[in-house]
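Letter by letter, the chains look like this.
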Amino acid sequence: MAQRQFQTEVSQLLHLIIHSLYSNREIFLRELVSNASDALDKLKYLSVADDAYKSISFDPRIDLRFDKDKKTLTVEDNGIGMNEQDLVDSLGTIARSGTKTFLEKLTADAKKDSNLIGQFGVGFYSAFMAARKIEVTSRKAGEDAAWKWTSDGKEGYEIESASRESQGTTVELHLTDEGTEFANRWSIEDIVKRYSNHVAFPIYLTYDEKEYDDKGKEKGSVTKTDRINSGTAIWRRAKTELKDSDYTEFYKQLSHETDEPLFHVHTKAEGTQEYATLFFVPKKAPFDMFHADYKPGVKLYVKRVFITDDDKELLPTWLRFVRGVIDSEDLPLNVSREILQQNKILVNIKNASVKKLLGEFKSISETESEKEKWDQFVEQFNRPLKEGLYSDWANRDALLELVRFRSTAVEGWTSLSDYCARMKADQKYIYYITGGDENTLKASPLLEAYKAKGFEVLVMNQEIDEIVVPQIGRYKKTAGDTSKEWEIKSVNRSDEDLGEKSDKKTEDDAKPIIEKIKKALGERVKDVKLSRRLHDSPCCIVADENDPSMQMAQMLKAMGQTEGMPEIKPILEINGEHPLVSPLKTSDDEAYINDIAFVLLDQALLVEGVKLKEPAEFVKRLNRLLTK
């Protein structure tokens, strides 16, 4: 038995694999089980497709066993197996080409280095993270000879003839002191259930279980063999075979929730790309849905082997509430299977999954019998959908049909489409108001003219509306072969024109009032104007066309993003005919004018939900006016 050298500069390469490639060592068992599963898959196919293999007795299984005293862990399969040349090709050569170039590109960044070798099939060598020596005994199906490959993972390997009763491969790991943590029943079961539970073939674990007498004294041990994986992947089964209870049971297992899901979406794609997806929408939003470090809810499998549940790129961020699995037959992975390569297959699966989910959302929203379910969905997930309006431009039109808003015209939620169906014949725009509280907004002085004309206004009381809605710009509604488009306008803006004709006499009467209020308020406001939108209220504040709204200004301040920005000042609009305002025309009492001006401004700010800078001064002025 002669020592053979690895065919590449393996010392450096193995050092990288063993010490830098994986973030946790337990992954090696997933890799070995996956290799065993691949070997079983190959023989299963050949036993059906190739006459030379049809006579082989084949009951596919993977067996695991360990010996704590000898510090060994064994993974065995009865799959296709390997002959001497296969062992040289598969285990003696890590990189078949370009290794020298690869090594020249190595950097000090282990994570980057591991990405470089995505094209090299070296998952087997991850076992050296836990083993000081590995022995592989294998017999190829259809051949009589068996061979043993032995290596310490450093300079080279040895191959010698061996004996094995049937086809298949046995991988025996001689564990390091640190690696002995995996030589126990509970660790092995945990790793297999986490990563390989849905592998199509049965995985058995052989172990010794202690026996005790009726007094609790140990009397010996018995060897047991238990199956430790389920071997079934619900997402791979036909929908016609499954009941709602099957989906619910799997959802509870997947999400660790006690409630049933709100609904599910099950897809199996075949053709140029083969994959299966099973997504669930929970009844309640995950507790961390608005945390920056939220836990993704979708797991990635490749050929039913678990890869990751910590990749936030499997679905867009705005779909982070979705739970489920993606299982690809042909997704290329890098060597560690922990860091997914950016590739077209994953992008295509992601895009198709998003469209499938959007299609299901739309179907439920349009089905009268599903109204209660849709209302539940909107209550929990309307806000993330709105995030998609500015983060996912490709799906913006579909999302515009799904997002919902409160309204001055109807109870509950309404869509843009339904709003347009209720519009007055002479209405030119879709109107909306933003702010912090729904009831306060519905009572806002800004709405008085719209109510008088019978115009509906969408009430947008979520902070995200301030960011999203101005970016929408226009909404197009298509019905049959025709479509119409409307601009979406904020009533919080000074440029809003309802087509009210100006009254020259009213404007002339208001000029002295405006001048007096401007003088009193000084730098506290950007401007003071006569309002054409107020009927009953004395005043309101609006934002200049080019300034952020008061709500947005408060959001920026709360996020600490106002440093270096000029102070945002409101525009005060006054109702010149209101009893609080009109007396200022003839008054020369400067103190009285100042008190009225500041009280008008402060009450307008309060209505907008803005915190007053000097509440004590507001109370003093109000008290002085009351005593008069």
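Residues numbered from 1 in each chain as written. Predicted model: local features only at pLDDT ≥ 70, side-chain atom pairs only at ≥ 80, totals over all residues. Heavy atoms only, no water.

Undergrad: Where do I start with the packing of helix H9 (residues 371–391) against helix H14 (residues 463–472) in this structure?
TA: In a pair of packed helices, the angle between the axes and the distance between the axes together describe the arrangement. Contact geometry of H9 with H14 gives a least axis separation of 9 Å together with a crossing angle of 40°. The angle between the axes of H9 and H14 places the two elements in the oblique class. Seen along the crossing, H9 lies across H14 with a hand that is left-handed. Here H9 contributes Arg383, Lys386, Glu387, Leu389 and Tyr390 to the contact with H14, which in turn contributes Ile464, Asp465, Val468, Gln471 and Ile472. (Axes fitted to C-alpha atoms, helices over the stretch in contact; angles between N-to-C directions. Helix = DSSP H or I, 4+ residues; strand = E, 2+ residues; numbered from the N terminus. Parallel < 35°, antiparallel > 145°, perpendicular 65-115°, else oblique. Left-handed = near helix turned anticlockwise from the far one by under 90°. Contact = heavy atoms within 4.5 Å.)

Undergrad: Quick question: what am I supposed to make of unusual backbone geometry here?
TA: Across the chain, the bulk of peptide bonds are trans and the bulk of non-glycine residues have phi less than zero. Backbone geometry at His256 places phi at a positive 60°, although glycine is not the residue there. Take His256: it is sitting in the loop between helix H7 (244–255) and strand S10 (263–269). His256 gets classed as exposed once you look at its relative accessible area, which sits at 70%. Positive phi is not limited to glycine here, since Lys303 has a value of about 50°. Mapped onto the elements, Lys303 comes out in the loop between strand S12 (298–302) and strand S13 (305–308). The class of Lys303 is partly exposed, set by a relative accessible area of 42%. (Buried < 20%, exposed > 50% of the residue type's maximum accessible area, 1.4 Å probe, protein only.)

Undergrad: Teacher, can you tell me more about empty space enclosed by the protein here?
TA: Unoccupied space between atoms shows up once a probe the size of one water molecule is rolled over them. Summed over the entire model, instances satisfying the criterion amount to three cavities of 30 Å³ or more. Of the volumes computed, that of the largest cavity is approximately 90 Å³. In terms of lining, the largest cavity is formed by 13 residues, of which the most central are Pro296, Gly297, Val298, Leu315 and Arg320. Partitioning the lining of the largest cavity into residue classes produces eight nonpolar, one polar and four charged. (1 Å grid on protein atoms, 1.4 Å probe; cavity = no way out; pocket = protein on both sides within 12 Å on 5 of 7 lines; lining within 4 Å. Points joined across faces, edges and corners; volume = space filled by probe spheres on them. Nonpolar A, V, L, I, M, F, W, Y, C, P; charged D, E, K, R; others polar.)

Undergrad: In this structure, what is going on with the sheet that holds strand S4 (residues 131–139)? I would like to understand it.
TA: Adjacent strands of a sheet form backbone hydrogen bonds with each other and so pair up, either parallel or antiparallel. Ordered in space as S1-S6-S5-S4-S7-S3-S2-S8-S9, the nine strands form an open sheet in which the pairing is mixed. Edge positions in the sheet fall to strand S1 (3–5) and strand S9 (218–227), since each has one partner strand and no second. Pairs of neighbouring strands in the sheet enclose a mean axial angle of 25°, with direction left out of account. Where strand S2 (residues 62–67) lies against strand S3 (residues 72–77), six bridges are found, and the strand directions are antiparallel. Each bridged residue has a counterpart across the sheet, and for Phe66 the counterpart in S3 is Leu73. Sheet strands in contact with helix H6 (residues 185–195) are S2, S3, strand S8 (203–212) and S9, and its direction is about 150° off that of S8. (Pairing = 2+ DSSP bridges.)

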